[in-house]
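Summary of structural features
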Amino acid sequence: MTRDWNWETGEGLLGMDDPAEVDAALDRNDDKLGAAVIGLALNCPPEVVSPRIIRALELLPGPGRDFPFTATAHLARLDGRLTPELYEALRAEGLGGAADHAIDDTLTFVPFRDLPPWLKRRWVYVTVRETLLRWWLRPLEAIGEAWRALRGRRRT
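In this numbering scheme, every chain counts its residues from 1 along its sequence in written order. The predicted nature of this model means local features are confined to residues of pLDDT at least 70 and side-chain atom pairs, given and counted, to a pLDDT of 80 or more, with totals for whole chains, interfaces and linings taken over all residues. Working from all heavy atoms in the structure, the side-chain values ignore hydrogens and water.

Quick word on the overall build of the protein chain
Heads up, the condition is: Helix and strand definitions here come from DSSP, where helices need a minimum of 4 consecutive H or I residues and strands a minimum of 2 consecutive E residues; each element is numbered from the N-terminal end. Two things to know: the radius of gyration comes from C-alpha atoms, and the globule rule equals 2.2 Å times the number of residues to the power 0.38. Classification of residues uses two cut-offs on accessible area relative to the type maximum, computed with a 1.4 Å probe and protein chains only: under 20% is buried, over 50% is exposed, and between them is partly exposed. Note on definitions: a residue-residue contact is assigned when non-hydrogen atoms from the two residues lie within 4.5 Å. Shrake-Rupley sampling with a 1.4 Å probe provides the accessible areas, and residues are treated as covered by the protein chains on show and by no other component. Just so you know, the count uses Lys and Arg for positive and Asp and Glu for negative, and it drops His and the chain ends. Note that the charge is assigned to NZ on lysines, CZ on arginines, CG on aspartates and CD on glutamates.
On a plain count of helices and strands, the protein chain comes out with 7 helices and 0 strands. Relative to its length of 156 residues, the protein chain is extended, with a C-alpha radius of gyration of 21 Å against a globular reference of 15 Å. Counting only C-alpha atoms, the protein chain reaches 70 × 40 × 30 Å along its principal axes. Counting every position in the protein chain, which comprises 156 residues, the buried fraction comes to 37%. In the protein chain, the proportion of contacts linking residues at least 24 apart, taken out of those at least 6 apart, comes to 50%. As displayed, the protein chain offers around 9,600 Å² of accessible surface, 56% of which is attributable to carbon and sulfur atoms. Here the protein chain contributes 21 positively and 24 negatively charged side chains, and the mean placements of these two sets differ by 16 Å.

As for the packing of helix α2 (residues 33–43) against helix α3 (residues 46–59)
Note the threshold: Axis geometry follows a simple rule: fit a line to the C-alpha atoms, using only the stretch in contact for helices, then measure angles between N-to-C directions, giving values from 0 to 180 degrees. We call two directions roughly parallel when the angle between them is under 35 degrees, roughly antiparallel when it is over 145, roughly perpendicular when it lies between 65 and 115, and oblique otherwise. Crossings are classed by handedness, with left-handed meaning an anticlockwise turn of the near helix from the far one by less than a right angle and right-handed meaning a clockwise turn. Classes in brief: Ala, Val, Leu, Ile, Met, Phe, Trp, Tyr, Cys and Pro nonpolar; Asp, Glu, Lys and Arg charged; the others, Gly included, polar.
Look at α2 against α3: their axes get within 10 Å of each other, and the N-to-C directions meet at 160 degrees. Of the possible angle classes, the one that applies to α2 and α3 is roughly antiparallel. As α2 packs across α3, the resulting crossing turns out to be left-handed. Contact residues: α2 offers Leu33, Val37, Leu40 and Ala41, while α3 offers Val49, Arg52, Ile53, Ala56 and Leu59. Split into classes, the residues belonging to the contact of α2 with α3 amount to 8 nonpolar, no polar and 1 charged.

Quick look at the side chain of Thr72
Relative to the helices and strands, Thr72 resides in helix α4 (residues 66–79). For Thr72, a relative accessible area of 1% translates into the label buried. In this structure Thr72 touches Ile53, Leu82, Leu86, Leu90 and Ala102, once residues within four positions along its chain are discounted.

Topic: the packing of α3 against helix α5 (residues 84–93)
Following both chains from N to C, one finds α3 and α5 inclined at 30 degrees, their axes separated by 9 Å at the closest point. Judged by the angle between their axes, α3 and α5 are roughly parallel. Crossing handedness for the pair α3 and α5: left-handed. Seen from α3, the contacting residues are Ser50, Ile53, Ile54 and Leu57; seen from α5, they are Glu85, Leu86 and Ala89. Split by residue class, the contact of α3 with α5 holds 5 nonpolar, 1 polar and 1 charged.

What about the packing of aromatic side chains?
Just so we agree on the cut-off: We call Phe, Tyr and Trp rings a pair once their centres come within 6.5 Å, taking the six-membered ring for Trp, and we label the pair stacked below 30 degrees between planes, edge-to-face above 60, and tilted otherwise. Distance and angle both matter: a charge sits over a ring if NZ of Lys or CZ of Arg is within 6 Å of the ring centre and within 35 degrees of the ring normal.
This model, assessed by the stated rule, comprises 1 aromatic pair. One cation-aromatic arrangement involves Lys120 over Phe112; the distance from NZ or CZ to the ring centre is 5.4 Å.

Examining the nonpolar core
The criterion, for reference: What makes a nonpolar core is a set of buried Ala, Val, Leu, Ile, Met, Phe, Trp, Tyr and Cys residues whose side-chain atoms join them at distances within 4.5 Å.
In terms of nonpolar packing, the biggest core is built from 38 residues, with Met16, Val22, Leu33, Ile53 and Leu90 touching the most fellow members. Of all the secondary-structure elements, those providing two or more residues to this core are α1 (19–28), α2, α3, α4, α5, α6 (100–109) and α7 (117–155).

What to know about α1
Our working rule: It is the directions from the helix axis to the C-beta atoms that the arc portrays.
All of the buried residues along α1 are Val22, Ala25 and Leu26. Take α1 and look down its axis: the buried residues cluster within an arc of 100 degrees, on one side only. With respect to the buried face of α1, the exposed residues turned more than 90 degrees away are Ala20 and Asp27. Against α2 and α3 lie the buried residues of α1. One or two residues past the end of α1 sits Asn29, with phi positive at roughly 50 degrees.

Nothing here speaks to function; it is geometry throughout.
Written out as structure tokens, the structure reads:
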């Protein structure tokens with residue numbers, strides 16, 4: 001494989017497939033570490049990427065934590081599974097933060113039977129809430145359409 005990774009500009013890092021290269025970037029706390037971890041998630045299985053995501057979460061401050069969680073979301077989408085360490089990182093971060101999209105993607109792409117209990121509870125909550133919301137909005141939409149039709153007749 002071609003190794004067209006430019007650590008200065010970040011170009012090519014989404015094609016990262018070398019865990020040793022990411023380990024070196026973790027050791028030097030490289031500025032482009034987030035992109036490299038995402039690239040590794042796009043090209044390697046969860047068992048290879050997971051320890052590097054966990055390390056990146058420990059190293060990257062504030063907004064930089066979005067990158068490892070984006071990598072986690074990609075693993076959920078592409079592989080349909082995560083490691084126990086990644087589930088724990090999602091749980092530790094919780095909702096309302098950098099892990100929101102990764103949690104949503106995990107609920108969407110990982111089979112229910114493979115989710116840990118806390119995420120199964122979240123899946124049930126989200127599914128019931130969305131179903132109830134659809135049931136609630138369906139009559140409201142019909143009323144709105146009828147109202148618009150009635151108002152449209154009055155104008156002509």
